[in-house]
Amino acid sequence: MSKSALQVARAAYQPKLPKALKGAVKIQEGNPTQSVADQDAIKGLFPNTYGMPLIKFVEGDEQAYEPMNVGVILSGGQAPGGHNVISGLFDGIKRLNKDSRLFGFLMGPGGLVDHKYMELTADIIDEYRNTGGFDIIGSGRTKLETVEQFEKGLQILRELNIKALVIIGGDDSNTNACVLAEYYKAKDYGIQVIGCPKTIDGDLKNDMIETSFGFDTACKTYAEVIGNIERDCNSARKYWHFIKLMGRSASHVTLECALQTQPNVTLIGEEVEAQNQTLDDVVTYIATIVAARAAKGMNFGTVLVPEGLIEFIPAVKKLIAELNDFLAKNAAAFAAVPAAQQRQYVIDNISAANAAIYASLPEGVARQLSLDRDPHGNVQVSLIETEKLLSEMVGKKLSAWKAEGKYVGKFAAQHHFFGYEGRCAAPSNFDADYCYSLGYTASVLIAAGKTGYMSSVRNTTAPAAEWISGGVPITMMMNMERRNGEMKPVIQKALVKLDGKPFLTLKQNRETWANDTCFVYPGPIQYFGPSEVCDTTTKTLQLEK
Ligand code: FBP
């Protein structure tokens, strides 16, 4: 593989580790834990992995370990730093015993079920240190949920003499990791399962998991490009840029990018829901800002739109909930209806109130809401062109206002969607260090015989040496939610908190950012240079701490 000069220099970067992981480690166990909600139901479903204590690592005495074979899976959407989790895991198990071996299952959880794997040796690992992407073994969205899959997985794990499996994924994949851990423990198969918190969306976090890896790098990458667009916007002064940002349901990515770049309009899905806003309310809000700026001669600006916005509009949310149940129960009948008639079929078969909302949505948006759920039952919001929908509706509203003499200005829009551009960026120093530490932590949890835990690294706004690593029982993060028409145990998604400091900071400033032009141009991620330029993490994390 030929490499750029930066890649060569970056390959030599040695990620920083928490002090406790630099030498021999001792385990400190805390009190028994409880799930965040629905304790009885979760305890009933996870009798073998419920209530386990929190674990913290401290410096300890050297100890001898048997060689261990470990398997690793990358699950779901790419996030910067996945390769460093794997290299941290590799270095960790090799430190415990040089004869330990690491096997990667290919293209996501499906690789375990289909017995597709490769051994990850030192020369392979070295090629991928501090690089973005998941291409070392590939990723996929196969959902691990059936006993048949667990048993097929067991065959290959036994064949390779694998003692533990590390699943690197988001909330859904870690939920499945927990189900698998419970199953293998209940059956006494002697195979441990450890999860690792990944997702650029930033919605897998709680008191013990401060952030999911990849959020830092992805947001910095988007913020760089948003800053470039803002500068272009402020130079030409003739366009309104509507920028949709990935993040699935949660608006963390949009909020973080807003804090970094100070755009004129930032929509936060969670706020839209809390205020019970309609699509027209959202459009009116944007159009009002556009009109106010136009009155001052500023026919330009930037609007940030979270990709999950549409799901947060309460009326649309109710519609999606009914569609989820309806489509889960009538999948075969729905599939048999010719594509051109599916819209009408939905309208005829759901409740009148939801049918009216559904019928009012533009064709493309309606189609997306009724088709193509991902394997976890989520609407694929990245496919809905909310940025175009909004700008079109804003344009129409402004034309109406113009006719009434309420608006004088020119409105021309440009559209952007940033998501895939940031998911495989070379990890920032924060993500490179954090991921390497998460992988290393997983090796220690495995050596300690733990299962059903998520690798955890905390105190992450302090220098890396002061980070606290350990494990959190996955059951602790769970509650019961309705999925595909049934109540299921799942890791609770962390949405933007409207009383949290990151959102309050936006709220305090957004009027000024709307009326004036206060753009900030963060520039590209820096890998070498002063620590305050290279090592600082997201504003979200800093404000939350
Ligand atoms: P994960 O939740 O698996 O980390 O994926 C995050 C994400 O990037 C979302 O932001 C986005 O909605 C989705 O993946 C897109 O999925 P796909 O890669 O399958 O198009």
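Residues numbered from 1 in each chain as written. Predicted model: local features only at pLDDT ≥ 70, side-chain atom pairs only at ≥ 80, totals over all residues. Heavy atoms only, no water.

**Things to note about the pattern of salt bridges**
Then, number 1: In the structure shown here, the tally under the stated rule is 26 salt bridges.
Then, number 2: Salt-bridge contacts for Asp216 lead to Lys220; the nearest nitrogen and oxygen are separated by 2.9 Å. Of the two residues, Asp216 and Lys220 are both situated in helix α8 (residues 215–236); the distance of 4 residues between them amounts to about one turn of the helix. Judged on exposure class, the residue Asp216 and its partner Lys220 are both buried.
Then, number 3: Note that Lys244 is salt-bridged to Glu387, the shortest N-O span being 4.0 Å. Of this pair, Lys244 sits in strand β8 (residues 240–245) while Glu387 sits in helix α18 (residues 386–403), and the two are 143 residues apart along the sequence. An identical accessibility class is assigned to Lys244 and Glu387; each is buried.
Then, number 4: A single salt-bridge network, built from bridges that share partners, covers Lys16, Asp433 and Asp535. (Salt bridge = Lys/Arg side-chain N within 4 Å of Asp/Glu carboxyl O. Helix = DSSP H or I, 4+ residues; strand = E, 2+ residues; numbered from the N terminus. Buried < 20%, exposed > 50% of the residue type's maximum accessible area, 1.4 Å probe, protein only.)

**Points about the pairing of strand β2 (residues 53–59)**
Then, number 1: Relative to β2, strand β1 (residues 25–32) is paired through 6 bridges, and the arrangement is antiparallel. Bridge pairing in β2 links Val25 to Glu59.
Then, number 2: Here β2 runs beside strand β13 (residues 468–473); their pairing, made up of 2 bridges, is antiparallel. Across the sheet, the residue bridging to Lys56 is Gly470, located in β13. (Pairing = 2+ DSSP bridges.)

**Things to note about the packing of aromatic side chains**
Then, number 1: Counted by the stated rule, this structure contains 14 aromatic pairs.
Then, number 2: With a centroid separation of 5.8 Å and 55° between ring planes, the pair formed by Tyr184 and Tyr189 is classed as tilted. You'll find Tyr184 and Tyr189 in the same group, each marked buried.
Then, number 3: By the ring-pair criterion, three or more aromatic residues cluster together here, those being Phe150, Tyr183, Tyr184 and Tyr189.
Then, number 4: The side chain of Arg10 reaches across the aromatic face of Tyr13, ending 4.3 Å from its centre. (Phe/Tyr/Trp six-rings, centres within 6.5 Å; stacked < 30°, edge-to-face > 60°. Lys NZ or Arg CZ within 6 Å of the ring centre and 35° of its normal.)

**Some thoughts on the site of the ligand**
Then, number 1: By nearness alone, 14 residues border the ligand, and Gly77, Asp201, Glu307, Tyr420 and Arg423 come closest of all.
Then, number 2: Within the side chain of Arg141, an N or O atom sits 2.9 Å from an oxygen atom of the ligand.
Then, number 3: Measuring from an oxygen atom of the ligand, one finds a side-chain N or O atom of Thr199 at 2.9 Å.
Then, number 4: Expressed as a share of its isolated accessible area of 480 Å², the protein-covered part of the ligand is 85%.
Then, number 5: Residues belonging to the shell around the ligand are distributed by class as follows: 3 nonpolar, 5 polar and 6 charged. (Near = heavy atom within 4 Å. Polar contact = N/O pair within 3.5 Å; in protein donor to acceptor, adjacent residues only side chain to side chain. Areas by Shrake-Rupley, 256 points an atom, 1.4 Å probe, with all protein chains shown as cover. Nonpolar A, V, L, I, M, F, W, Y, C, P; charged D, E, K, R; others polar.)

**Topic: the state of the cysteines**
Then, number 1: Per the counting criterion, the structure on display carries 0 disulfides.
Then, number 2: Lacking any disulfide linkage, Cys219 is separated from the closest cysteine sulfur, that of Cys257, by 4.7 Å. (Disulfide = S-S within 2.5 Å.)

**Section: the packing of helix α3 (residues 82–96) against helix α20 (residues 429–447)**
Then, number 1: Contact geometry for α3 and α20: axes closest at 7 Å, N-to-C directions at 40°. The angle between α3 and α20 falls in the class oblique. Our pair here, α3 against α20, has a crossing hand that is right-handed. Every residue of α20 that contacts α3 at Asn84, Val85, Ser87, Gly88, Leu89, Asp91, Gly92, Ile93, Arg95 and Leu96 is listed here: Ala432, Cys435, Tyr436, Gly439, Tyr440, Ala442, Ser443, Ile446 and Ala447.
Then, number 2: Tallied by class, the residues present in the contact of α3 with α20 amount to 11 nonpolar, 6 polar and 2 charged. (Axes fitted to C-alpha atoms, helices over the stretch in contact; angles between N-to-C directions. Parallel < 35°, antiparallel > 145°, perpendicular 65-115°, else oblique. Left-handed = near helix turned anticlockwise from the far one by under 90°. Contact = heavy atoms within 4.5 Å.)

**Things to note about helix α9 (residues 252–261)**
Then, number 1: The buried count for α9 comes to 10 of 10 residues, which makes it a mostly enclosed element.
Then, number 2: Within α9, burial applies to His252, Val253, Thr254, Leu255, Glu256, Cys257, Ala258, Leu259, Gln260 and Thr261.
Then, number 3: Tucked into the core, α9 has its buried residues touching α8, β8, β9 (265–266), β10 (301–306), α21 (501–515) and α23 (539–544).
Then, number 4: With its phi angle positive at about 50°, Gln262 sits one or two positions after the end of α9.

**Looking at the environment of Asn84**
Then, number 1: The topology assignment puts Asn84 in helix α3.
Then, number 2: For Asn84, a relative accessible area of 0% puts it in the buried group.
Then, number 3: Setting aside residues up to four positions removed in sequence, Asn84 forms contacts with Pro15, Tyr128, Arg129, Asn130, Thr131, Ala432, Cys435 and Tyr436.

**Quick look at the nonpolar core**
Then, number 1: By size, the foremost hydrophobic cluster in this structure holds 68 residues, and its most contacted members are Ile86 and Leu102.
Then, number 2: Sort the elements by how many residues they give to this core and α20 lands first, with 11 residues.
Then, number 3: Ignoring anything within four residues of it in the chain, the contact list for Ile86 reads Val72, Leu74, Leu102, Leu120, Ile125, Ile136, Ile137 and Ile168.
Then, number 4: Judged by nonpolar contacts, the second largest core, of 45 residues, contains Val265, Leu267, Leu327 and Ala366. (Core = buried A, V, L, I, M, F, W, Y, C linked by side-chain atoms within 4.5 Å.)

**Some details on the sheet that holds strand β11 (residues 413–418)**
Then, number 1: Taken in spatial order, the 4 strands line up as β9-β10-β8-β11 in an open sheet, and their pairing is parallel. The open sheet has two free edges, formed respectively by β9 and β11, since each of these has just one partner strand.
Then, number 2: Where β9 and β10 come together, 2 bridges link them in parallel fashion. Counted as the bridge partner of Val265 is Val303 from β10.

**Section: the sheet that holds strand β4 (residues 101–105)**
The pairing of strands in a sheet happens through backbone hydrogen bonds and is either parallel or antiparallel.
Then, number 1: Read across the sheet, 9 strands follow the order β1-β2-β13-β12-β7-β6-β3-β4-β5 without closing on themselves; strand pairing throughout is mixed. If you trace the sheet from one side to the other, it starts and ends with β1 and β5 (117–119), each paired once. Neighbouring strand axes in the sheet, compared pairwise and without regard to direction, differ in orientation by 25° on average.
Then, number 2: Across 2 bridges, the pairing between strand β7 (residues 192–197) and strand β12 (residues 453–458) is parallel. In the sheet register, Gly195 faces β12, and the bridge partner there is Met454.
Then, number 3: Strand contacts of α3: β3 (69–74), β4, β6 (162–169) and β7, with the helix running at about 175° to β3, the strand carrying the most contacts.

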